[in-house]
There are 4 protein chains.
Amino acid sequence: MTTVSIVGGSGYGGGELLRLLLGHSQVEVKQVTSRLHMGEYVYQVHPNLRKRSQLKFSDPSELEPVDVLFLAQPHGQAQHNIEHYASLAPRIIDLSADFRLRDAANYEKWYGEKHAAPEWLSKFVYGLPEIHRTELSAANYVSGVGCNATASNLALLPLVNADLIDLSAPMIIEIKVGSSEGGAEGNSGSLHAERANVIRTFSAFGHRHTAEVIQEMGVKNISLTMTAVDLVRGVLATAHAKVKDGTSMKDLWKAYRAVANEHPFVRVVKEQRGIYRVPEPKILAGANYADLGFELDENNGHVVSMCAIDNLMKGASGSAVQCMNLMMGWDETLGLEFTGLHPI
Amino acid sequence: MTTVSIVGGSGYGGGELLRLLLGHSQVEVKQVTSRLHMGEYVYQVHPNLRKRSQLKFSDPSELEPVDVLFLAQPHGQAQHNIEHYASLAPRIIDLSADFRLRDAANYEKWYGEKHAAPEWLSKFVYGLPEIHRTELSAANYVSGVGCNATASNLALLPLVNADLIDLSAPMIIEIKVGSSEGGAEGNSGSLHAERANVIRTFSAFGHRHTAEVIQEMGVKNISLTMTAVDLVRGVLATAHAKVKDGTSMKDLWKAYRAVANEHPFVRVVKEQRGIYRVPEPKILAGANYADLGFELDENNGHVVSMCAIDNLMKGASGSAVQCMNLMMGWDETLGLEFTGLHPI
Amino acid sequence: MTTVSIVGGSGYGGGELLRLLLGHSQVEVKQVTSRLHMGEYVYQVHPNLRKRSQLKFSDPSELEPVDVLFLAQPHGQAQHNIEHYASLAPRIIDLSADFRLRDAANYEKWYGEKHAAPEWLSKFVYGLPEIHRTELSAANYVSGVGCNATASNLALLPLVNADLIDLSAPMIIEIKVGSSEGGAEGNSGSLHAERANVIRTFSAFGHRHTAEVIQEMGVKNISLTMTAVDLVRGVLATAHAKVKDGTSMKDLWKAYRAVANEHPFVRVVKEQRGIYRVPEPKILAGANYADLGFELDENNGHVVSMCAIDNLMKGASGSAVQCMNLMMGWDETLGLEFTGLHPI
Amino acid sequence: MTTVSIVGGSGYGGGELLRLLLGHSQVEVKQVTSRLHMGEYVYQVHPNLRKRSQLKFSDPSELEPVDVLFLAQPHGQAQHNIEHYASLAPRIIDLSADFRLRDAANYEKWYGEKHAAPEWLSKFVYGLPEIHRTELSAANYVSGVGCNATASNLALLPLVNADLIDLSAPMIIEIKVGSSEGGAEGNSGSLHAERANVIRTFSAFGHRHTAEVIQEMGVKNISLTMTAVDLVRGVLATAHAKVKDGTSMKDLWKAYRAVANEHPFVRVVKEQRGIYRVPEPKILAGANYADLGFELDENNGHVVSMCAIDNLMKGASGSAVQCMNLMMGWDETLGLEFTGLHPI
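Quick look at the structure, then. All values reported here derive from a predicted model rather than from experimental measurement.

**Digging into the environment of Arg208(A)**
All names here are of chain A.
Then, number 1: Summarising the element assignment, Arg208 is placed in the loop between β8 (199-203) and α8 (210-217).
Then, number 2: Remark: the alpha-carbon pair of Arg208 and Ser190, spanning 18 residues in sequence, is separated by 20 Å.
Then, number 3: In this view, Arg208 contacts Trp110 and Tyr111; residues no more than four positions away in its chain are not counted.
Then, number 4: In this structure the side chain of Arg208 is engaged in a polar contact, spanning 3.4 Å, whose partner is the backbone oxygen of Trp110.

**Focus on the relation of the copies chain A and chain B**
Then, number 1: When chain A is fitted to chain B, the residual RMSD is 0.0 Å, and the transformation amounts to a turn of 180° plus an axial shift of 0.0 Å. Expressed as a symmetry operation, the mapping of one chain copy onto the other fits a two-fold axis. When C-alpha positions in chain A are compared against the rotation axis, the closest is assigned to Asp230(A), at 2.9 Å.
Then, number 2: An overlap of 100% is found between the interface residues of chain A and their copies at the interface of chain B, pointing to a shared contact surface.

**Details of the side chain of Thr3(D)**
Then, number 1: Within the secondary structure, Thr3(D) is located in strand β1 (residues 2-7).
Then, number 2: Once residues lying within four places of it in the same chain are set aside, the contact partners of Thr3(D) are Glu28(D), Lys30(D), Val66(D), Asp67(D) and Val68(D).

**Looking at the interface of chain A and chain B**
Then, number 1: Facing 41 residues of chain A, the contacting portion of chain B comprises 41 residues.
Then, number 2: When the two sides are added together, the surface that chain A and chain B hide from each other amounts to roughly 3,400 Å², 63% of it contributed by carbon and sulfur.
Then, number 3: For the chain A face of the interface with chain B, the top three residues by lost area are Ile199(A), Phe205(A) and Ile275(A), together amounting to 20%.
Then, number 4: Glu280(A) serves as the salt-bridge partner of Arg200(B), at 2.4 Å between the closest nitrogen and oxygen.
Then, number 5: Inspection of the chain A/chain B interface yields 18 residue pairs in polar contact (both at pLDDT 80 or more).
Then, number 6: Mapped by element, the contributors of at least two residues to the side of chain A that touches chain B are β7 (171-177), α7 (192-195), β8, β9 (222-229), β10 (235-242), β12 (290-297) and β13 (302-309) of chain A.
Then, number 7: For the side of chain A that touches chain B, the element with the highest residue contribution is β9(A), accounting for four residues.
Then, number 8: By residue class, the composition of the side of chain A that touches chain B is 20 nonpolar, 11 polar and 10 charged.

**Here we look at the relation of the copies chain D and chain A**
Then, number 1: By a simple turn and slide, chain D fits onto chain A: the slide is 0.0 Å along the axis, the RMSD is 0.0 Å, and the turn is 180°.
Then, number 2: Here 100% of the contact residues of chain D are again contact residues in chain A; the copies associate through an equivalent surface.

**Notes on the side chain of Ser53(B)**
Residues and elements named next belong to chain B.
Then, number 1: Turning to its location among the elements, Ser53 is positioned in the loop between α2 (42-45) and β3 (57-58).
Then, number 2: A polar side-chain atom of Ser53 sits 3.1 Å from the main-chain amide nitrogen of Leu55.
Then, number 3: Beyond its immediate stretch of four places on either side in the chain, Ser53 contacts Leu22, Val42 and Tyr43.

**Side note on the packing of aromatic side chains**
Then, number 1: Per the counting criterion, the structure on display carries 34 aromatic pairs over all chains.
Then, number 2: With centroids separated by 4.3 Å and ring planes inclined at 5°, the aromatic side chains of Phe99(B) and Phe124(B) adopt a geometry described as stacked. Residue Phe99(B) is found in the loop between β5 (91-94) and α4 (104-111), and its partner Phe124(B) is found in strand β6 (residues 124-125); the two are separated by 25 residues along the sequence. As far as the burial class goes, Phe99(B) and Phe124(B) line up, both buried.
Then, number 3: Three or more aromatic residues joined by ring pairs make a cluster, and in this case those are Phe99(A), Trp120(A), Phe124(A) and Tyr141(A).
Then, number 4: Against the face of Phe294(A) rests Lys270(A), its NZ or CZ located 5.0 Å from the ring centre.

**Some details on the pairing of strand β9 (residues 199-203) of chain D**
Residues in a regular strand project their side chains so that they alternate between the two faces of the sheet.
Residues and elements named next belong to chain D.
Then, number 1: Of all five residues making up β9, four are buried, and the element is well covered by its neighbours.
Then, number 2: Where β9 lies against strand β10 (residues 222-229), four bridges are found, and the strand directions are antiparallel. Its bridge partner being in β10, Thr201 is matched across the sheet by Thr227.

**Quick notes on the environment of Ala151(D)**
All names here are of chain D.
Then, number 1: You can see Ala151 is positioned in helix α6 (residues 147-161).
Then, number 2: The sequence separation of Ala151 and Val213 amounts to 62 residues, and the corresponding C-alpha distance is 9.6 Å.
Then, number 3: When near neighbours in sequence (up to four residues on either side) are disregarded, Ala151 contacts Val235, Ala237, Cys307 and Ile309.

**Thoughts on the sheet that holds strand β13 (residues 290-297) of chain B**
All names here are of chain B.
Then, number 1: Read from one edge to the other, the open sheet built from seven strands follows the order β9-β10-β8-β11-β14-β13-β12, with strand pairing classed as mixed. Looking along the sheet, the strands with just one partner apiece sit at the ends: β9 (199-203) and β12 (266-268). Across this sheet, the average inter-strand angle for adjacent strands is 25°, counted without regard to direction.
Then, number 2: Relative to strand β11 (residues 235-242), strand β8 (residues 171-177) is paired through six bridges, and the arrangement is antiparallel. Residue Glu174 lies in a different strand from β11, and its bridge partner there is Thr238.

Thresholds, definitions, all that
Residues numbered from 1 in each chain as written. Chains lettered and ligands numbered in written order. Predicted model: local features only at pLDDT ≥ 70, side-chain atom pairs only at ≥ 80, totals over all residues. Heavy atoms only, no water. Helix = DSSP H or I, 4+ residues; strand = E, 2+ residues; numbered from the N terminus. Contact = heavy atoms within 4.5 Å. Polar contact = N/O pair within 3.5 Å; in protein donor to acceptor, adjacent residues only side chain to side chain. Least-squares fit on C-alpha atoms with pLDDT ≥ 70 in both. Buried area = accessible area lost by both parts, 1.4 Å probe. Salt bridge = Lys/Arg side-chain N within 4 Å of Asp/Glu carboxyl O. Nonpolar A, V, L, I, M, F, W, Y, C, P; charged D, E, K, R; others polar. Phe/Tyr/Trp six-rings, centres within 6.5 Å; stacked < 30°, edge-to-face > 60°. Buried < 20%, exposed > 50% of the residue type's maximum accessible area, 1.4 Å probe, protein only. Lys NZ or Arg CZ within 6 Å of the ring centre and 35° of its normal. Pairing = 2+ DSSP bridges. Axes fitted to C-alpha atoms, helices over the stretch in contact; angles between N-to-C directions.

Take it as geometry only, folks, not as evidence of what the structure does.
Dropping the structure here:
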């Protein structure tokens, strides 16, 4: 068995990762650290793991060598200890934002502070298999992905791959998100009585995940608008762009089908009947799928491209496990078989 | 007392109208018709009115003369009986879509069928006081407003009024809506188990309310994208536009303040602290306010303008009562004093 | 105009009280204090009051004399300053738990600490008009009510009034509550991602509000079981008791109708058709009604009695305003006319 | 591979069953019938199965022989065709209520009509492994379980097994349920705008599932009170009973631990700290666990026993698959490994 450990396992991303790793046939979870909860059973924080695991949270200072080390700490921490972690494990997957951007100046621009380990940025591969599958197979260091960036990148991927976008027109991505994106800490606005029933556009533009879309899609004229809605898990990105002149629905179908055929976790959802005709995060809780849809206004070339994901799965821990599978040469879908529920 | 009646009072719009009229100091509700529920107490359908009213639903065929007649039927019905209704009341306010558009050809384009009473279209004033206050004061026939159109129109109003929009750039309005917009009939997708937890982009463009925005704002290059979210009452429109070169935040503040100062139900919500920094429909349930907010990306002139309303109030019945107040020469806010609740 | 002030106006109860008092025709709100938010506009904390009030939170130490003083602080504070407050106002209504129980030993039993002003306990009248209307008319000092106690007391009131309960059998009251009951502070379990979708029986018995039911209903063999559900505002108490032998449905109808006829805010909800056949807090948000229902199993005398209220209205601030109306000799319903919304 | 088919696969129970069977290592799904949807892909009705299965719904009249046949039709249908189904498969598991009660007179009493195949009632084993594991291992015909009955039976199981209940005192079980219990058809009260935010006690006593509790627990003096709350999946039963004199917390712990140790899907949840101290259906969506908790008031012997389940899993399809595993001699937990999600 391949041994794995998680640093920072008491947050939502860490908990989801632990759930996936405990169900993964090729790995054994050795340690899960938490400064706040060390000594407690992991199921006391992640109650879904009761009777599934008798692990206790470890002291972070007692981290032991392991085959694959997952880092699931809040942003800004991994970069300060990356040398130490690299001494403990030949392979590292960091879910935080610390190693997602390739350029230190870019990091400083979006995160407002100098990167503490800029020399490590080039060693990491951005952890989205739908873009970097080949590099991931050979990688030792893999970054996580921003959940909103992932929904945006995958919404745009078929259009960018097929070179269908008129890049001179601005792209506007409207993202609706559930409350788990705010993390297990929350703030005053995360209180149920304040957060329930909201439609709250908390960021009109300038969200940090924008940097990952610019980097990964190679587009520039783009903005992400963030709206919180009443849901726990899930992200829907609705991307507005302009297609190149002459682009037809047939071209779009071809582009989307190509992406869905290439990637096991990408599905095209575009039905003429039934309730579920378009991508919806509702049915993706716990699943690693990215559901894509699109509409084209042939009068003016306005394309509306949608991507729904579970922010804790495809937008965080699911993609991380998928990356591990690629790094280790295993089947890409291992441990990620859960299909999601309906109804829910 | 001024006598009023409601035709089609068992739907959500009709029920909300009845609630408002029962609490209005200047009117007496004479009849509320419902083909489906005639003979039943109104509180059996609208349970909030229990102990507030002993009215029963009347047979529509027994409608009597009245000072002001409200029509709250499904779309496509009022136009077939408008002569009859006009013989019963000198003043008519129709909440449906039948008399919102001024042009019969335009009606046919968006609604897919010929208008049954095209000669009446020019007699109606579009029932949004923030645009037509003066005409409404002299009007006998007033149309309702589309709830999504209202959120869109009011989001754009300060920008259009101050001539700040670069009309050569496309305008994209992303609208998030609650389930009451679907009406009391619903469909298979309205079932709680299917509709709860959704983020469902059910219309990428082409929504009929677009016609009201084009007509009322005088803009053309515009699209409305509709997304259903988990909420019962409420609409948030997030409008993306480009301002004219040289437009500053100061210009925007001036434009928004002017609109808020002129209209008793418009508020600007743009705070630096606290939980409620931006417009949110959550706190507007039952209130007639339209809350407006905005952000400007000074790098590229991208303006994000928001408008939150209660779809059944400012987006339907509240605006209708406001119109009645203007038509009758009463204080515009009469019967619309409820401020909304927090938390909720 | 009668002048009123609120001590501790930034919580949910204080905010709801402020909303009601601002809309009350006979009073002028002079001050609203908040240690945490002093200097801020009240609408920055209670966003529904924007454009309705330009009041700012005052420093508690600068409280001025007033006709009626409302205390809306967390439990355990009012009792330490009651002499000071009494020197500032001839009439005091305290929403907290400090003066609800008449017996100091009983207070210590349920609240776990000695009462700081036991000599004041006998000066206060328990602030539930449906039980103490006459005393309230002559009272200078009135306590608030526990929201769960209120739902329980009103569920039992018709049965107790008509002497229909077999007091030898245990009474079990199952109470389901929304998240606003937890207050604006909340705790880790109040985070939206944790609190959404819950059915959480957080207290099987021993809830402090039990003491108010024992005191006010004069029953002993009783328990309250508390379950949190996914809702912001609202309480439903489902009381299980045994009726005396020979009690019929007719007796129950008579008992319930008597209570509903006597009290303007009590309604009986027991329908044979329609959606809203039983009491439901859903439609009571913002309304001061207590909706009562009942079912009798004639085979064994098991009676199920239900009471739905809005915990912030009839369960707190609404009852407090109703008490003020009685104390001042005004119409009991003044300022409490809002009927609630449907749908919501 | 063992072949299985599902009759009536378009409902919520059928869909959940299909999800489980598609992920089960020992079976191959041959046919899924649906009169309404025949010819459609199963993923058009159960969107979570997209890219997981290319099955189409079959015509019920073209059902073929199979090793295990699951019946997932609405109540009242299977009993009319049981001979036919038995001719097609040596093993049948019927999720409906048709074969849950052993006594035809009892069936008629609770379901209001004569049973169409009373001679088959004795051939079926009640499909709850926690009660009938041994018989299930030898059974050919297995009934489903009522979800509310299951939550009630499992809440009482430790108390009944250990003979701790004072059977002379009435037992009151308060059950809170999500909307998926109403099925994919729904009614006017199932519309999202009406069903959201509810706390609706729709049945005070007399619910049909009571018959299964009386039968399986061997208790008589019992009532089930049903309250709908805002959740899609999940049931919480809170059972109130009286323990025999002298029963201590230690006795209860022993009784609960014994049940949890014996049954792989039973967990005891009774924590002193953390957010999840008691059983909650919230974290059980998709999982087959039954979480049990308890509290004892030592002053009066009042025990409050809780059981949380996912109504579509342990309360329906999950138990059905568990039964199949036992019937086939496989590991009881096969195909039921999903742990549930947190947060959700």
